[in-house]
Amino acid sequence: MAKDHGRNDTRSRIAYLAARLMAEDGIEDYALAKRKAARQAGAPDSRQLPTNDEIDSALRVHQQLYQQDEHRDRLRALREKAIDTMRELARFDPHLTGSVLNGNAGKYADINLQLYTDNVKAVELYFIDCGISYKVTQSRLYSGEELHTFPVFTVDDDGTEVQFTVLAPRDLRAPLRTRLEGRAIDRARLRVVEMLLAET
């Protein structure tokens, strides 16, 4: 029993340290935040690492305690920017995901959008026609139980990175995950984001 209690204490400490790293250092990657936090806590045992949900809970507490006004203003600004971008790209059925959607956006948060189209080239041509500079990388996600590679366009919008992952319309019918056993990625259409902004 004492051993379980110690393990839970370690998990909680790592979750808090990871949340602080995400809130104050702008780390967006949960796995990276966990590894750094575990090193700070002197806990190399990967079985003691908290889940992403536990880190999200710790992050909400941290932001309420130390960054309430700053966090609220930053979240509002990011959601406004996301809405403007989603309106501009309405033809590609944009969905907001990530920390700007779930409300945990840290100091250096990116805006993560998913675009749904059968014509990836049309997305690239949109950026070219608008004179928007972009970088292209790839993201590997599970759509249902199948692993797929999707193109990701990254744009700098006045110091905020906006990442556009381009998927096929059929991918809306299946949950998307970063890991096969992981939680489905939350995603929201424009109307939902507008409602969230009104509540911010």
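A brief report on the enclosed structure follows. Here the structure is a predicted model, which means the values were calculated and not measured.

Looking at the overall build of the protein
From N to C terminus, the protein includes 7 helices and 6 strands. Its helices and strands taken in sequence order, the protein reads α-α-α-α-β-α-β-α-β-β-β-β-α from the N to the C terminus. Compactness check: the protein gives a C-alpha radius of gyration of 18 Å against a globular reference of 16 Å for 200 residues, within 12% of the reference. Overall, the C-alpha framework of the protein stretches about 60 × 40 × 30 Å when taken along its three principal axes. Burial status across the protein gives 42% buried among its 200 residues. Put simply, 61% of the contacts in the protein that link residues at least 6 apart link residues at least 24 apart. Counting only carbon and sulfur atoms, one obtains 47% of the accessible surface of the protein, whose full area is about 11,300 Å².

As for the packing of aromatic side chains
This structure, assessed with the given rule, holds 5 aromatic pairs. Look at tyrosine 126 and phenylalanine 127: their rings are 5.7 Å apart centre to centre, the planes differ by 70°, and that puts the pair in the edge-to-face class. Its relative accessible area of 2% is what places phenylalanine 127 among the buried residues. Taking the centre distance of 5.2 Å and the plane angle of 55° together, the rings of phenylalanine 127 and phenylalanine 164 count as tilted. Of this pair, phenylalanine 127 sits in helix H6 (residues 120-129) while phenylalanine 164 sits in strand S5 (residues 160-167), and the two are 37 residues apart along the sequence. The exposure class assigned to phenylalanine 164 is buried, which follows from its relative accessible area of 3%.

As for the environment of aspartate 25
Relative to the helices and strands, aspartate 25 resides in the loop between helix H1 (2-24) and helix H2 (30-41). Sequence spacing of aspartate 25 and aspartate 186 is 161 residues, and the spatial spacing of their C-alpha atoms is 24 Å. In this view, aspartate 25 contacts Arg20 and Tyr108; residues no more than four positions away in its chain are not counted.

As for the environment of alanine 19
As for its position among the elements, alanine 19 is in helix H1. Between the C-alpha atom of alanine 19 and that of valine 123, which follows or precedes it by 104 residues, the distance is 34 Å. Here alanine 19 is in contact with Ile55, Ala58 and Leu59, once residues within four sequence places are set aside.

Observations regarding the pairing of strand S2 (residues 111-116)
The buried fraction of S2 is high, at 6 of 6 residues. A two-sided burial pattern is seen for S2, the buried positions comprising Ile111, Leu113 and Leu115 on one face and Asn112, Gln114 and Tyr116 on the other. As paired elements, strand S1 (residues 95-97) and S2 share 3 bridges and run antiparallel to each other. Paired with histidine 95 across the bridge in S2 is glutamine 114. Sheet topology places S2 next to S5; 6 bridges connect them, and they run parallel. Across the sheet, residue glutamine 114 finds its bridge partner in S5, namely threonine 165.

Some remarks on unusual backbone geometry
One non-glycine residue, aspartate 93, lies in the positive phi region at around 50°. Residue placement: aspartate 93 occurs in the loop between helix H4 (68-88) and S1.

Concerning the side chain of aspartate 110
Position of aspartate 110 relative to the elements: it lies in the loop between helix H5 (98-102) and S2. Despite its burial, aspartate 110 pairs with no opposite charge, the nearest such side chain being lysine 135 at 9.0 Å.

Cut-offs used in this document
- Within each chain, residue numbers correspond to sequence positions counted from 1 in written order.
- Totals for whole chains, interfaces and linings use all residues, but because this is a predicted model, local features are given only for residues with pLDDT of at least 70 and pairs of side-chain atoms are given and counted only at 80 or more.
- The side-chain values count all of the structure's non-hydrogen atoms but skip hydrogen atoms and water molecules.
- Only runs of H or I of at least four residues qualify as helices and only runs of E of at least two qualify as strands under DSSP, and these elements are numbered from the N terminus.
- The globule rule is 2.2 Å times the number of residues to the power 0.38, and the radius of gyration it is compared with is taken over C-alpha atoms.
- We call a residue buried when its accessible area falls under 20% of the maximum for its residue type, exposed when it is over 50%, and partly exposed in between, using a 1.4 Å probe and counting protein chains only.
- For this analysis, residues touch if any pair of their heavy atoms sits within 4.5 Å.
- Using a 1.4 Å probe, the Shrake-Rupley method yields the accessible areas, and only the shown protein chains count as cover for residues.
- Note on aromatic pairs: the rings of Phe, Tyr and Trp (six-membered ring only in Trp) are paired at centre separations within 6.5 Å, and the planes decide the class, stacked below 30 degrees, edge-to-face beyond 60, tilted for the rest.
- Any two strands with at least two DSSP bridges between them are considered paired.
- By the counting scheme adopted, Arg and Lys are positive, Glu and Asp are negative, and His together with the chain ends is not counted.
- For this analysis, a salt bridge means a side-chain nitrogen from Lys or Arg found within 4 Å of a carboxyl oxygen belonging to Asp or Glu.

Function cannot be inferred from these measures alone, as they are strictly geometric.
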